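Close look at the chain arrangement
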Amino acid sequence: MLGTLRRFGVSNVLRASAPRTLSTRWASQLPKVQAPSASSVLTRSLHSSFPKFSAAVAQESAETEPSQKIEKFAELGEQGFIDSTIIKNITHPSRMNLETMTEVQSMTLREIVKGNDVLAQAKTGTGKTLAFLLPTLQNILNDPGVDVSKVGRYSRTAPSEIRALIISPTRELAEQIAVEAKKVAFGTGLIVQTAVGGTQKRSGLMKIQREGCHLLIGTPGRLKDILSDPWTGVSAPKLNTLILDEADRLLDQGFAPDIKEIQGFLPNPSEIDRQTLMFSATVPREVMSLVRQTLKPGFQFVQTVREDEVPTHHRVPQKVVWMRGLENGMPAVLEIAKNYEARRANGEELRPFKAIVYYNSTAETKCAADAFNNLRRSDDFGKTALGELKMLEINSRLTQGERTRSAESFRRSPSGILFSSDVTARGMDFPDVTHVIQVGVPRDTETYIHRLGRTARAGKEGEGWLLVHKGEDACFRSRLGRIPIKEDTVSLPAAWADMSQQATGSSATSETVSQMKAAMTAVGPSHKIKSYMGQLGTIIGNFSSKRFAIEVLNKQFVDGFGMESPPQIAPRVAQQMGLGNIPGVNIGTGSRRMMEEDDSSSSGGFSRGGFSRGGDRGFSRGGGDRGGFSRGGDRGFPRGDRGGFSRGGDRGDRRGGFSYGERRGDRGDRGDRGDRGSSRGPRRALEGFDF
Ligand SMILES: Nc1ncnc2c1ncn2[C@@H]1O[C@H](COP(=O)(O)OP(=O)(O)OP(=O)(O)O)[C@@H](O)[C@H]1O
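Residues numbered from 1 in each chain as written. Predicted model: local features only at pLDDT ≥ 70, side-chain atom pairs only at ≥ 80, totals over all residues. Heavy atoms only, no water.

Heads up, the condition is: UniProt positions are given in the numbering used here, feature names are shortened, and annotations may be inferred rather than shown by experiment.
In the nomenclature of an unreviewed UniProt entry, the protein chain is known as ATP-dependent RNA helicase of Penicillium arizonense. Within the UniProt record for the protein chain, the comment given under Function (unreviewed entry) is "RNA helicase." Per UniProt, the protein chain carries the Catalytic activity (unreviewed entry) text "ATP + H2O = ADP + phosphate + H(+)".

What follows is the structure, given as structure tokens:
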């Protein structure tokens, strides 16, 4: 109440709300921070970092008790608590068609309308977006200084009338939030604008200048650009609310400086009272000092992930499959799809197969998308039920237009496979995703949780699969050991097939392996090379020894992708990565030229009916031929040649910079770092490469 009083004086709206006891001191919940007993480790695993965090905030925050009463949106309108137009937008069958608030919505609504600072942690897919949008838009309407009237067709609102600012870590998420905000605000006169990188800055800016803005949603880089430039006229001197969605991501090392800088362009909170809201499904302890610096003392800590409750990702069946080699990853993905389709064909009532496959590097997503598109175009697969599946990709290497098209296409499609880097791991709300498949151990627990959270949203069902190599065992146990993932040793024989041998026999697994190997062999050489380099950065961090990592990686490219020998690593890079003396490292400078030749040649590859000779054009210096998926698939891979990797090795790409996973600095949009850029150990040596 105090916050609202401070800002707008007495709020009639608030008086209309029923009195509730919302807060208790967190200290009363202290048993939660005790060390988990052996029997409860699995169910408490989500909280591996949270208990420490909870203890850290015990003294300075209040926790909101779980709501006993699930509220209907319509009641909020009847009470006069929320504007009737907003309620109509939310509840009308032809609009958002929502009836009842989710727990996080119910538990945060009044706190936010009161003007309190809130940190909210709730499971993925439980409606956090609406939880902050609804009260924030209502607060803007409550502000007597806000004029929503129009002169003719034109609003009276200036670009300096921004009352609330939402920061999102990725462009897609910012756009998605804006779409939802516009739905909620429809017909109220409130103006919602976006400022995201990768889009035309000028036209976006002119739109804000022309139409004005009450709620601005953006990515850190573009927001910084716009707010730092006084000539834009876009400013927020009357800002009341700052919202960090995916707050832990925005407060980690990668984004924190940008967030701090943006705060510098906002009014000083000691002069103009400001409410700050933070939402996420995960709140690791590392971000706590920044949470404390950003929120007011006594902020509300709303946590719907309770100790006695199985969090979303526990409810979803999660399976880990240990693969014979990394080359078995794509056949295993294909087998998951085929097994599911077979169940559907047997009459099980299942939704169409709609999966997101996550990789730890951009280049792997590209390679996988290419391979699966090759597969789709082949005669033997193309005519099957799965041949209809859309094979899409999203990663930060695509132009923003391509990214948006892929996201839209996947959103609308009832089925399909999206090969993605962590750009989509947080917040993205693709409907009806049946499977999340993660290949390789993700960089941390939070990444695993958010990726998994792309399925089983809004109460739906979903499955989670993790495909890993035995060499990642220690890393798996340290990052995900407390997550209740069940080992599956029977469902995916393709994960164990020996791909160094030509697949023989007519079993379903042989067919799956043969089909996938042919499709992998036909991937363009430059994609293979980039994938190799991209994986180098991640796999060395995941395996216990470099020697083992190199051996396994090389095997993938020879036995899986049909290369005669693994791609060459330039001597300088090998040295920087500490690979100079590691057996199996193919040191030389031939890869770069090969990529250039491949990029400049027209794409051939996989034609209907199989693998065309033109597929690896420009790649056959050794004169080798290819065929199917024999070991000599990419024979002719040159050795020790001019070129090699140097900074900006991938000239064809628009942007530079490489770090673990997604590139740390996505130059197209400095704010859009879908993936954390960790520069641990050998990965540093690959910075400047764009794989
Ligand atoms: N009250 C509600 N009743 C039913 N569905 C809802 C409700 N509120 C939101 N949803 C729907 O639930 C889905 C997930 O919502 P949202 O994207 O806000 O989840 P989230 O908690 O932000 O997830 P994440 O942690 O992944 O960002 C959306 O499709 C949204 O429309």
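Things to note about the pairing of strand 14 (residues 391–394)
What counts, and what does not: Accessible area is worked out with a 1.4 Å probe on protein chains only. A residue is then buried under 20% of its type maximum, exposed over 50%, and partly exposed in between. Every helix listed is a DSSP run of H or I at least four residues long, and every strand listed is a run of E at least two residues long, numbered separately from the N terminus. When the strands point away from the viewer and the connection leading from the first strand across the helix to the second strand turns clockwise, the crossover is called right-handed.
Side chains Met391 and Glu393 of strand 14 all project onto a buried face; the interleaved residues Leu392 and Ile394 project onto the opposite face, where all are buried too. Handedness of the crossover joining strand 14 and strand 15 (residues 416–420) through helix 18 (residues 400–412): right-handed.

Examining the packing of helix 10 (residues 220–228) against helix 12 (residues 256–264)
Using the following cut-off: Orientation is described by axes fitted as lines to C-alpha atoms, over the contacting stretch for helices, and by angles from 0 to 180 degrees between their N-to-C directions. Angles are sorted into four bins: roughly parallel if under 35 degrees, roughly antiparallel if over 145, roughly perpendicular if 65 to 115, and oblique for all others. Working rule for handedness: look at the near helix, and if it is turned counterclockwise from the far one by less than a right angle, call the crossing left-handed; if clockwise, right-handed. In this analysis, two residues are considered to be in contact whenever any of their non-hydrogen atoms come within 4.5 Å of each other. Following the grouping adopted for this structure description, the nonpolar residues are Ala, Val, Leu, Ile, Met, Phe, Trp, Tyr, Cys and Pro, the charged ones are Asp, Glu, Lys and Arg, and the polar ones are all others, Gly among them.
Packing of helix 10 against helix 12 brings their axes to within 10 Å, and their N-to-C directions diverge by 30°. In this view, helix 10 runs roughly parallel relative to helix 12, as classed from their interaxial angle. Helix-helix and strand crossings are classified by hand; for helix 10 and helix 12 the assignment is left-handed. Contacts between helix 10 and helix 12 pair Pro220, Leu223, Lys224 and Leu227 from the former with Asp258, Ile259, Glu261 and Ile262 from the latter. Along the lines of polarity and charge, the residues of the contact of helix 10 with helix 12 split into five nonpolar, no polar and three charged.

Here's the deal with the nonpolar core
Nonpolar side chains in soluble globular proteins tend to be buried together. Heads up, the rule is: By nonpolar core we mean a set of buried residues, namely Ala, Val, Leu, Ile, Met, Phe, Trp, Tyr and Cys, connected to one another through side-chain atoms within 4.5 Å.
One finds Phe372, Leu536 and Leu579 to be the most contacted residues of the largest nonpolar core, which totals 62 residues. Looking at this core element by element, the count peaks at seven residues for helix 15 (residues 329–345). Other than its neighbours up to four places away in sequence, Phe372 contacts Met330, Val333, Leu334, Met391, Ile417, Phe419 and Met516. Ranked by size, the runner-up nonpolar core spans 56 residues in total, among them Ile112, Val146, Ile166 and Phe430.

So, the site of the ligand
Stated precisely, the cut-off is as follows: What makes a residue near a molecule or strand is one non-hydrogen atom of that residue sitting within 4 Å of it. Distance and chemistry together define a polar contact, namely a pair of N or O atoms within 3.5 Å, with one atom able to donate a hydrogen and the other to accept it when in protein, and with adjacent residues in sequence counting only for side-chain atoms on both sides. Per-residue and other accessible areas were derived by the Shrake-Rupley procedure at a 1.4 Å probe size, with only the shown protein chains allowed to occlude residues. Start and end positions for the domains come from either an automated domain assignment or a database one.
As a structural note, the neighbourhood of the ligand is formed by 19 residues, with Thr100, Lys128, Thr129, Asp429 and Arg454 the closest of them. The contact in question runs from an oxygen atom of the ligand to an N or O atom on the backbone of Gly125, over 2.8 Å. Alone, the ligand offers 650 Å² of accessible surface; in the complex the protein occludes 85% of this. Across the shell around the ligand, the residue classes break down as four nonpolar, nine polar and six charged. The residue makeup of the shell around the ligand includes at least three contributed by each of domain 1 (2–143 + 161–303) and domain 2 (318–669).

Some details on the pairing of strand 15
Filter applied, for reference: Strand pairing requires that DSSP identify at least two bridges connecting the strands.
With respect to burial, strand 15 is a largely interior element, five of its five residues being buried. The alternating pattern of strand 15 places Gly416, Leu418 and Ser420 on one face and Ile417 and Phe419 on the opposite face, and all of these are buried. Pairing of strand 13 (residues 354–358) with strand 15 involves five bridges; the strand directions are parallel. Paired with Ile356 across the bridge in strand 15 is Leu418. Two strands pair when backbone bridges link them, and strand 14 and strand 15 are joined in this way by four bridges, in the parallel orientation. Looking at strand 15, one finds that Leu392 is bridged to Leu418.

Focus: the packing of aromatic side chains
Stated formally: Pairing of aromatic side chains here covers Phe, Tyr and the six-membered ring of Trp, requires ring centres within 6.5 Å, and sorts the geometry by plane angle: under 30 degrees stacked, over 60 edge-to-face, intermediate tilted. The rule is short: NZ of Lys or CZ of Arg within 6 Å of the ring centre and within 35 degrees of the ring normal puts a charge over the ring.
Within this structure, the stated rule accounts for eight aromatic pairs. Their ring planes at 65° and their centres at 5.2 Å tell us that Phe132 and Phe279 sit as a pair that is edge-to-face. Here Phe279 lies in strand 10 (residues 275–280) and Phe132 lies in helix 7 (residues 128–142), a separation of 147 residues in the sequence. Feature note: the residues Tyr532, Phe557 and Phe561 constitute an aromatic cluster, connected by ring pairs. In this structure, Arg110 packs its charged tip against the face of Phe81, placed 4.7 Å from the ring centre. A cation over an aromatic ring shows up here: Lys354 above the ring of Phe410, its NZ or CZ 5.0 Å from the ring centre.

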